[in-house]
Amino acid sequence: MRGPTILSYLFSGVAVLTAARAHVGTAPGKTPKVQTLPSLREQAELLDGWTEERKALIPQLLRKYGVDAWLMSQREYAEDTVFWALKEATQFSARRRTTHLFLADPVGGAPSSYSWIENTNVVWEDLRRILATQKPRSIALNTHPEIAFSGGLHAGELDAVVQGVGEEWKEKFVLEPMLGVEVVATMVKSRLPWYRKMMETAWAIIEEGFSEKIIVPGKSTSWDIEWWMREKIQSLNYTTWFQPSVFILTAEGFPAADGSSAAMDDPRAPDHPIQFGDLIHTDFGVSALGLNTDTQHIGYVLYPGETEADVPKGMLEGLKKVNRLQDIVKSNMKIGMTGNEILKASREQMQSEGIEGKIYCHATGEWGHSAGSVIGMTNLQDKVPVLGDLPLLKNTYYSIELFAEHFVPERNRTIVFPQEEDVYWDEATNSWEWVYGRQEEMLLIRTPAESGPTAPTEL
Ligand SMILES: *[C@@H]1O[C@H](CO)[C@@H](O)[C@H](O)[C@H]1NC(C)=O
Ligand SMILES: *[C@@H]1O[C@H](CO)[C@@H](O)[C@H](O)[C@H]1NC(C)=O
């Protein structure tokens, strides 16, 4: 998902089925199908299993970052960002004061993790006793000023913590931003099969939405398709983490003449129907099972009677070019490098290959924009302060989000070709792999002959 485009709008009707077509996959050899979710009870079991696997990683993470203890505390509805990654499936918020303590190397056979849900001083008495026995030399608190995943300790709660454990522990408090980041970013292996199914569902919804079943050229607007997508997500018992967007990439004034992305924030022309010959784009994600996907695909609206062979060649070249940009970024994403280093290396390579465009990749999975290094932002193509300086972690999911510009001779203009596709770190191959696939073929909206205008003769 890109930066904010906040618009309020009205639902103005959903297009009707006009014609059936044989399926043409977006990725060669793939026909995505909607994947239904298990019962809520089974989902809870799955989620709790994944959470246990994640929690088991914490002591070794504390050791990795040289911290003896990690204290997280919060009040109901004022949760630390990390709370959501550690909660049980049937917990809907923190209750009372909810406090967690993790130890790197507990002495005397003591447990390595503790949790309290308390509204009395019992939590502080217990904590003081445990700290007195365990004598941690450092206690990490989530107090980062810039990083949400390691800055979730509320200001008032920090006061309560200092008062509760006593001033004598205050000098042991440390900030280790990578603790929160890595706990939230790490995607335990057992989550991947479901993440893949969710991704397949996202692709299936896009393929249905970007078809003549839903789009009636000359009638359907971007908003019609966006709201159709929302209803579709709802009907499948999934949810989402952002309003889907549908853009007409070939609309007048899009993109800005200087090729900047400013025009990507243009309103989606609520009263401007999608027309024959339009190149259209969606930014779309689904949420379920504590996971979030993020995908951008493009489609072309064929004139009546046209076939695959009639897609302007310049548009197919644009898709190929952005595919190449995906390869460049993916191959530069070396574990341990910072997002800013990856951005610099990728931009140098794209320039040497003569590709104009922008790179703005982010971690995904646990959150839509999840914990981890950021590789560019639409307005920051040289470096991203703080978030771009974090190292790239393995065992995470990333959204490869970017666009390439391409001059389309058939339209006598430069058009942006955006793509977004999620990858996961594959330990077996030591590389980033597509979660489901990537778009290499144009989605097509087909209309039978003699039901509308014919294509204009080429320039
Ligand atoms: C959605 O949930 C309802 C209620 O549990 C269930 O009856 C229905 O089959 C589910 N639909 C899908 C597509 O999973
Ligand atoms: C293509 O666009 C350029 C610049 O906008 C214009 O000068 C030129 O006449 C156009 N060519 C055609 C064939 O329309």
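Residues numbered from 1 in each chain as written. Chains lettered and ligands numbered in written order. Predicted model: local features only at pLDDT ≥ 70, side-chain atom pairs only at ≥ 80, totals over all residues. Heavy atoms only, no water.

**Some remarks on the overall build of the protein**
The helix and strand tally for the protein stands at 10 helices and 16 strands. The proportion of buried residues among the 459 residues of the protein is 57%. Looking at the protein alone, contacts between residues at least 24 apart form 73% of all its contacts between residues at least 6 apart. Summing over all exposed atoms, the protein offers an accessible surface of approximately 19700 Å²; the carbon and sulfur share of this is 52%. (Helix = DSSP H or I, 4+ residues; strand = E, 2+ residues; numbered from the N terminus. Buried < 20%, exposed > 50% of the residue type's maximum accessible area, 1.4 Å probe, protein only. Contact = heavy atoms within 4.5 Å. Areas by Shrake-Rupley, 256 points an atom, 1.4 Å probe, with all protein chains shown as cover.)

**Observations concerning the packing of helix α9 (residues 313-332) against helix α10 (residues 339-352)**
Between α9 and α10, the shortest axis-to-axis distance is 9 Å and the interhelical angle comes to 140°. In this view, α9 runs oblique relative to α10, as classed from their interaxial angle. In terms of crossing hand, the pair formed by α9 and α10 is right-handed. Contacts between α9 and α10 involve Arg324, Leu325, Ile328, Val329, Ser331 and Asn332 on the former and, on the latter, Ile342, Ala345, Ser346, Gln349 and Met350. (Axes fitted to C-alpha atoms, helices over the stretch in contact; angles between N-to-C directions. Parallel < 35°, antiparallel > 145°, perpendicular 65-115°, else oblique. Left-handed = near helix turned anticlockwise from the far one by under 90°.)

**Concerning the sheet that holds strand β2 (residues 97-103)**
Pairing in this open sheet of 5 strands is mixed, and the strands run β3-β2-β1-β4-β5 from one edge to the other. Only two strands of the sheet have a single partner each, and these edge strands are β3 (113-118) and β5 (173-174). Summarising the sheet, strand β4 (residues 139-140) and β5 pair through 2 bridges and their orientation is parallel. Along β5, the bridge assignment pairs Ala140 with Val174. Contacting β1 (69-75), β2, β3 and β4, helix α4 (residues 122-134) crosses the sheet at an angle of about 10° to β2. Contacting β1, β2 and β5, helix α5 (residues 155-165) crosses the sheet at an angle of about 120° to β1. (Pairing = 2+ DSSP bridges.)

**Observations concerning the pairing of strand β14 (residues 413-426)**
For β14, the tally of buried residues reaches 13 of 14 residues, placing the bulk of the element in the interior. With 12 bridges connecting them, strand β13 (residues 397-408) and β14 associate as antiparallel partners. Within β14, the position partnered with Tyr398 by the bridge is Val423. The pairing of β14 with strand β15 (residues 431-434) spans 4 bridges and is antiparallel. Bridged to Val423 within β15 is Trp434. Here β14 folds back onto β15 in antiparallel fashion, the turn holding 4 residues, of which Asn430 has a positive phi close to 55°.

**Some details on the site of ligand 1**
The environment of ligand 1 is made up of Thr36, Ser235 and Asn237. Within the side chain of Asn237, a nitrogen or oxygen atom sits 2.2 Å from an oxygen atom of ligand 1. When the free accessible area of ligand 1 is taken as 360 Å², the share hidden by the protein chains comes to 34%. (Near = heavy atom within 4 Å. Polar contact = N/O pair within 3.5 Å; in protein donor to acceptor, adjacent residues only side chain to side chain.)

**Here we look at the packing of aromatic side chains**
Evaluation of the coordinates by the stated rule reveals 11 aromatic pairs. Between Trp70 and Phe102, the ring centres sit 6.0 Å apart and the planes meet at 40°, which makes this aromatic pair tilted. Of this pair, Trp70 sits in strand β1 while Phe102 is found in strand β2, placing the two residues 32 residues apart along the sequence. For the pair formed by Trp70 and Phe102, the shared burial category is buried. (Phe/Tyr/Trp six-rings, centres within 6.5 Å; stacked < 30°, edge-to-face > 60°.)

**Comments concerning helix α7 (residues 192-209)**
In this model, α7 (18 residues) spans 25 Å end to end at C-alpha, consistent with the 26 Å of a helix rising 1.5 Å per residue. Counting buried positions over the 18 residues of α7 gives 15, a clear majority of the element. (Expected span 1.5 Å × (residues − 1).)

**Some details on the packing of α7 against helix α8 (residues 222-235)**
Direction vectors running N to C along α7 and α8 enclose 140°, while the axes themselves pass 10 Å from each other. By the angle class used here, α7 and α8 are oblique. Two packed elements cross with a definite hand, and for α7 against α8 that hand is right-handed. Residues Ile205, Ile206, Glu208 and Gly209 of α7 pack against Ile225, Trp228, Met229, Lys232 and Ile233 of α8. In terms of residue class, the contact of α7 with α8 is built from 6 nonpolar, 1 polar and 2 charged. (Nonpolar A, V, L, I, M, F, W, Y, C, P; charged D, E, K, R; others polar.)

**Focus: the side chain of Thr201**
Mapping Thr201 onto the fold places it in helix α7. The exposure class of Thr201 is buried, given its relative accessible area of 0%. Reaching out from Thr201, the side chain makes a polar contact with the side chain of Tyr238 at a distance of 3.0 Å.

**Points about the nonpolar core**
The biggest cluster of nonpolar side chains holds 80 residues, and the ones touching the most others in it are Tyr300, Met315 and Met333. Counting residues per element, this core draws most heavily on α7, which supplies 9 residues. Leaving out residues up to four positions away in the same chain, Met333 has contacts with Ile342, Ile375, Leu392, Tyr398, Ile400 and Trp432. Core analysis: the second largest hydrophobic core is formed by 24 residues, Met72, Leu179, Val183 and Leu393 among them. (Core = buried A, V, L, I, M, F, W, Y, C linked by side-chain atoms within 4.5 Å.)

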